[in-house]
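# Observations on the three-dimensional arrangement
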Amino acid sequence: MDWLDAFLGSGMRFTTPILLAALGCLVTSWTRDLNVGLEGAMIFGAFFGVAFGLELGSGLGAIVVTLLAAAVAGLLFGILITTYRVNVFVAGIVLNVFGAGATVFLLRSIYGVKGALADDGIPRLARIEIPVIGDIPVLGGLVSGHTVLTYLAWVLVGVTVWAVRNSVVVRHLKAAGEHPEALETAGGNVQRMRILAQVWCFMLCALAGAQMSIGQLSLFTEGMTSGLGFVAVAAAIFSRGNVLWLAAISTVFGLSSAAGVQINEEVMPPQFAQMIPYVVALVGLVVLARTSKVDQVRIATPQLQAD
Amino acid sequence: MTAAPTTNPTEPAAPAPAPPERPGWRAVAGRQAAAIGYTVVIGLVLASVLIYSQGYAPFATIQSGLQYAVGDPTQVARTFAWGLPLYVAALGVAIAFRSGMFNIGAEGQMYAGALAAALTGAYLGPLFSPAHLLLCTLAAGLAGGLIAAGLGWLRAAWGVDEVLSTLLSNYIVILFCAYLAIGPLRDTTRQSGTTKEVADTARFGELVPRSGLTTAVFVVVVVAIVIWWLSERSVLGYRWRMTGESPAFASSVGIDVFKARVSSMALSGFVCGVAGSLLVTASQGRFWTEIASGIGWDGVLIALVARSRPVATVIWVSVYCVMRSAARGIEQASEVPSELSLVLISAIIIAAAAQARVFHQFAQLRHRLGSLRRS
């Protein structure tokens, strides 16, 4: 059963960034500013996780500073799409291209390397081995031996479920998307809520990226998020606002990504194995469209007619 | 920038007036000039800051970059030779945007097109060159068009969100092409991940010596004219535009929305496929696993910022070509990485998207300062 252990453990590790980013994306869908730039935000998180890690020599320290930087970036992004009325779809697509370009720019200008940054000085988040449970086959790989970010992601699922039911903030966020006038009348601030959603999304994407660079590995490579951000967008859309569904879908995507890595070359060519998560997402999208009775979440694409 | 404010300064908070009077050409030209000036200034300032932060003199470095990009006719030719596929890809994305279909799968369709062209070029022929080139281009267009048409059909018939489906299709298509180039179709005499070189008859001839600018430039001109005519002047383009602006209105006046959606996506994919074929037939001569290197994404970006207007798209692509080439020159003259151009274009596009509000706030500020002075 060793392969199953390895597969499940790897699946949980892949689930973490998808789940974190999807939880962030979900919040932006409440304010009707669905952020399609997760991929870009994640690659920044991955880069700065490594960069700050090298600087500080501590994985956790790097996470804290990356989170702060992400909050500032989210604030800027939020201001751009609210005060400056940049279409959020355009901003998201630009963010993806910007993330890919800017991280390479920084990599080459700060460290003078191309392709990948690997250094003994890059810290790695500690793997938390849970005693007793860790020794149980199957369950051990699933539950034990992950970074703090994996556990945090699942705690955040619980927190989000609770917050959706009980918290005022979530109610305000949803109102800012569905009934902005009502929120204004009730004394809320629509713009602040929309910005808050983006700040939260950026912070979670930064964690997702850091998990990939200093959680799973201790190096940064160009384009290392390789489309997982888009898979997370898909997960957020598929969940249709249900947090537990979102967690389940993210797990499916995480397991399919793990399958892509774990499947032996003799079984199928690696390119086909790597395709699995995207194929699963695409098939899921079609199934969702065929079975759903309500209107789906459409990505807020801009109206392009002449102004 | 003085011609910038377009809003009435006495009512700074008023929204855009509902029935706008037809502005004179002077006002339009002034506004356009202000917009262009604003983006140029933003780009130059940011470029200077980035270059300065690397320890180089901004002005001299930018100048040497521009020298490299447009310094003499051969350099100009080289600069635009790189951009030929981008013109086609951006126009292809734009025509789908025009009918409200967001084809974010341009990158994947370019790979499919490039592979189809490379195979037609390598395994068919040698033939009479124009015929061979035509076949390569058509094969590439079909490959891209089929992918996009399929996804367009899913949207039109079943309501499968095409933004997400085209986005995901990129990865599937690129990985599939990579599989073919690494596995069954690999050129065994070369390093892994390349296909056989195409026959000489499947390559465009060079137009300007030693510049890489080939006669493919005529293909680009034809594509640009056809897309412009289709999008701005033809009945079909009008139907597509109506579908994009208001599907409900379109279907109530008898436009077949289903057909418009599928056919506009098919054409968009076809054109993106042709863009991919140019990578092979006009420059590389074979397919390899990273051949498009983000040109499809650049095309999406440019089509978005140009609001899918063909003329604006062509202008933006030209600007981007010069920027990219200049960034290459800057990289040679200094140690500033050429990814500078990606950083700049992102910033410029966001600045352009925010422009209306920035000008509005600028006008407000001037108004407020003016009233302060008066009191």
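Bear in mind the structure is a predicted one, so any value in this text is a computation, not a measurement.

Conventions and cut-offs
Numbering of residues starts from 1 in every chain and runs along the sequence as written. By the order in which they are written, chains take letters starting at A while ligands take numbers starting at 1. At least 70 in pLDDT is required for a residue's local features to be given in this predicted model, at least 80 for side-chain atom pairs to be given and counted, and no such filter applies to totals for whole chains, interfaces and linings, which use all residues. Excluding hydrogens and water, the side-chain values take into account all heavy atoms of the structure. We count a stretch as a helix when DSSP gives it H or I for four or more residues in a row; a strand needs E for two or more, and each element gets its number in order from the N terminus. Between the two quantities, the radius of gyration covers C-alpha atoms and the globule rule is 2.2 Å times the number of residues to the power 0.38. Buried means the residue's accessible area, taken with a 1.4 Å probe over protein chains only, is under 20% of the maximum for its type, while exposed means over 50%, and partly exposed covers the values in between. Think of pLDDT as the predictor's per-residue confidence, scored from 0 to 100. We call two residues in contact whenever any of their non-hydrogen atoms come within 4.5 Å of each other. Summed over both partners, the accessible area lost on bringing two parts together, with a 1.4 Å probe, is the buried area. Any carboxyl oxygen of Asp or Glu that lies within 4 Å of a side-chain nitrogen of Lys or Arg is treated as forming a salt bridge with it. Here a polar contact is recorded for every N or O atom pair within 3.5 Å, except that within protein the pair must consist of a potential hydrogen donor and a potential acceptor, and residues adjacent in sequence are included only if both atoms are side-chain atoms. Any helix carries an expected span of 1.5 Å times its number of residues minus one. Side-chain atoms within 4.5 Å link the members of a nonpolar core, which is a set of buried Ala, Val, Leu, Ile, Met, Phe, Trp, Tyr and Cys residues. Exposure above 30% relative accessible area and the absence of a salt bridge qualify a residue for a patch, where like charges join within 9 Å and nonpolar side chains (Val, Leu, Ile, Met, Phe, Trp, Tyr) within 5 Å. Shrake-Rupley sampling with a 1.4 Å probe provides the accessible areas, and residues are treated as covered by the protein chains on show and by no other component. What counts as a disulfide here is a pair of cysteine sulfur atoms lying within 2.5 Å. Only the six-membered ring of Trp is used, alongside the rings of Phe and Tyr, when aromatic pairs are assigned; centres must lie within 6.5 Å, and planes under 30 degrees apart are stacked while those over 60 apart are edge-to-face, with the rest tilted. UniProt positions are given in the numbering used here, feature names are shortened, and annotations may be inferred rather than shown by experiment. For helices, the axis comes from a line fit to the C-alpha atoms of the stretch in contact; other axes are also lines fit to C-alpha atoms, and the angle between any two N-to-C directions lies between 0 and 180 degrees. Our angle categories are set so that under 35 degrees counts as roughly parallel, over 145 as roughly antiparallel, 65 to 115 as roughly perpendicular, and the remainder as oblique. By convention, the crossing between two helices is left-handed when the near helix turns anticlockwise from the far helix through less than a right angle, and right-handed when the turn is clockwise. Residues were grouped as follows: Ala, Val, Leu, Ile, Met, Phe, Trp, Tyr, Cys and Pro as nonpolar; Asp, Glu, Lys and Arg as charged; and all remaining residues, including Gly, as polar.

### A word on the overall build of chain A
Scanning chain A from N- to C-terminus turns up twelve helices and two strands. Ordering the α and β elements of chain A from the N terminus gives α-α-α-α-β-α-α-α-α-α-β-α-α-α. For 307 residues, the compact-globule estimate of 2.2 N^0.38 gives 19 Å, and chain A sits close to it at 19 Å. Dimensions of chain A along its principal axes, counting C-alpha atoms only, are 55 × 45 × 40 Å. Within chain A, the fraction of its 307 residues that count as buried is 54%.

### Let's talk about the confidence of the model for chain A
Considering every residue of chain A, the mean pLDDT works out to 88; 95% of them sit at 70 or more. For chain A, per-element mean pLDDT is lowest for helix α5 (residues 139-143) of chain A, which scores 78, and highest for helix α3 (residues 59-82) of chain A, which scores 95.

### Focus: the environment of A51 of chain A
Residue and element names in this part refer to chain A. Mapped onto the elements, A51 comes out in helix α2 (residues 38-56). Among the residues examined, A51 registers a relative accessible area of 10% and is labelled buried. Each C-alpha atom of the pair A51 and A153 lies 23 Å from the other, and the pair is 102 residues apart in sequence.

### Focus on the interface of chain A and chain B
Each partner contributes residues to the interface: chain A has 49 residues there, and chain B has 50 residues. Taking both sides of the interface into account, the surface hidden between chain A and chain B amounts to around 4,700 Å²; carbon and sulfur atoms contribute 75%. Along the contact surface separating chain A from chain B lie two salt bridges. Counting every contact that joins chain A to chain B gives five residue pairs in polar contact (both at pLDDT 80 or more).

### Describing helix α4 (residues 106-123) of chain B
Residues and elements named next belong to chain B. Over its 18 residues, α4 runs 25 Å from end to end, which matches the ideal 26 Å to within 8%, given 1.5 Å per residue. Counting buried positions over the 18 residues of α4 gives 16, a clear majority of the element. Trailing α4 by a residue or two, G125 shows a phi angle of about 100°, which is positive.

### Re the environment of A176 of chain A
Assignment of secondary structure puts A176 of chain A in helix α7 (residues 168-178). Spatially, the C-alpha atoms of A176 of chain A and A100 of chain A are 31 Å apart, while their sequence positions differ by 76 residues.

### Side note on the pattern of salt bridges
Within this structure, the stated rule accounts for nine salt bridges over all chains. The partner of E331 of chain B in a salt bridge is R108 of chain A, with the nearest N and O atoms 2.5 Å apart. Within this pair, whereas E331 of chain B is found in helix α12 (residues 310-333), its partner R108 of chain A is found in helix α4 (residues 88-111), the two belonging to separate chains. Using a relative accessible area of 24% as the deciding quantity, one classes E331 of chain B as partly exposed. Accessibility expressed as a relative area gives 19% for R108 of chain A, which makes it buried. The residue R203 of chain B makes a salt bridge to E197 of chain B at a minimum N-O spacing of 3.3 Å. Via salt bridges that share partners, D187, E197, R203 and R286 of chain B belong to a single interconnected network.

### Details of the nonpolar core
Ranked by internal contacts, the top residues of the largest apolar core, which has 189 residues, are F238 and F253 of chain A together with I104, L164, F287, W316 and L340 of chain B. At 14 residues, the largest contribution of residues to this core is made by helix α3 (residues 73-98) of chain B.

### Concerning a nonpolar patch on the surface
Where nonpolar side chains cluster on the molecular surface, the patch consists of V132, I133, I136, L139 and L142 of chain A and spans about 380 Å² of accessible area. Overall, I133 of chain A belongs to the partly exposed group, its relative accessible area being 32%.

### What to know about the state of the cysteines
Within the structure shown, the criterion is met by zero disulfides over all chains. No disulfide involves C25 of chain A; its sulfur sits 5.9 Å from that of C201 of chain A, the nearest cysteine. On the accessibility criterion, C25 of chain A (0% relative accessible area) is buried. Looking at C177 of chain B, it has no disulfide partner, and the nearest cysteine sulfur is the one in C272 of chain B, 14 Å off. Judged by its relative accessible area of 3%, C177 of chain B falls in the buried class.

### Details of the packing of aromatic side chains
Residues and elements named next belong to chain A. Tallied over the entire structure, the rule returns 20 aromatic pairs over all chains. When the centroid spacing of 5.2 Å and the interplanar angle of 85° are considered together, the rings of F47 and F48 count as edge-to-face. We classify F48 as partly exposed; its relative accessible area is 25%. Between the aromatic rings of F238 and F253, the centroid separation amounts to 6.1 Å while the plane-to-plane angle is 55°, which identifies the pairing as tilted. Of this pair, F238 sits in helix α10 (residues 228-238) while F253 sits in helix α11 (residues 243-262), and the two are 15 residues apart along the sequence. The exposure class of F238 is buried, given its relative accessible area of 10%. For F253, a relative accessible area of 2% translates into the label buried.

### Quick look at the UniProt feature "transmembrane region" (unreviewed entry) in chain B
Residues and elements named next belong to chain B. According to UniProt, the feature "transmembrane region" (unreviewed entry) maps to residues 35-59, 79-97, 109-125, 131-151, 163-182, 213-231, 262-281 and 342-359 in the numbering used here. Across residues 79-97 one finds 100% helix and 0% strand; the C-alpha atoms that close the span lie 27 Å apart. Split by type, residues 109-125 is 88% helix and 0% strand. Its first and last C-alpha atoms lie 24 Å apart.

### Considerations on the packing of α2 of chain A against helix α9 (residues 190-216) of chain A
All names here are of chain A. Contact geometry of α2 with α9 gives a least axis separation of 6 Å together with a crossing angle of 55°. Judged on the interaxial angle alone, α9 and α2 are oblique. Where α2 crosses over α9, the two elements pack in a sense that is right-handed. Across from L38, A41, M42, G45, A46, G49 and V50 in α2, the residues of α9 making contact are C201, F202, C205, A206, A208, G209, A210, M212, S213 and I214. Classifying every residue of the contact of α2 with α9 gives 13 nonpolar, four polar and no charged.

### Concerning the confidence of the model for chain B
On average, residues of chain B carry a pLDDT of 86, and 93% of them reach 70 or more. The low-confidence segment residues 1-18 of chain B (pLDDT under 50) makes 18 contacts with residues lying over four places distant or belonging to another chain.

### Brief notes about the packing of helix α1 (residues 2-30) of chain A against α9 of chain A
All names here are of chain A. In the contact formed by α1 and α9, the axes pass within 7 Å of each other and the chain directions differ by 170°. In terms of axis orientation, α1 runs roughly antiparallel to α9. For the pair α1 and α9, the contacting residues are R13, F14, T16, P17, L20, A21, L23, G24, C25, V27 and T28 in the first and A197, Q198, W200, C201, L204, C205, L207, A208, Q211, M212 and Q216 in the second.

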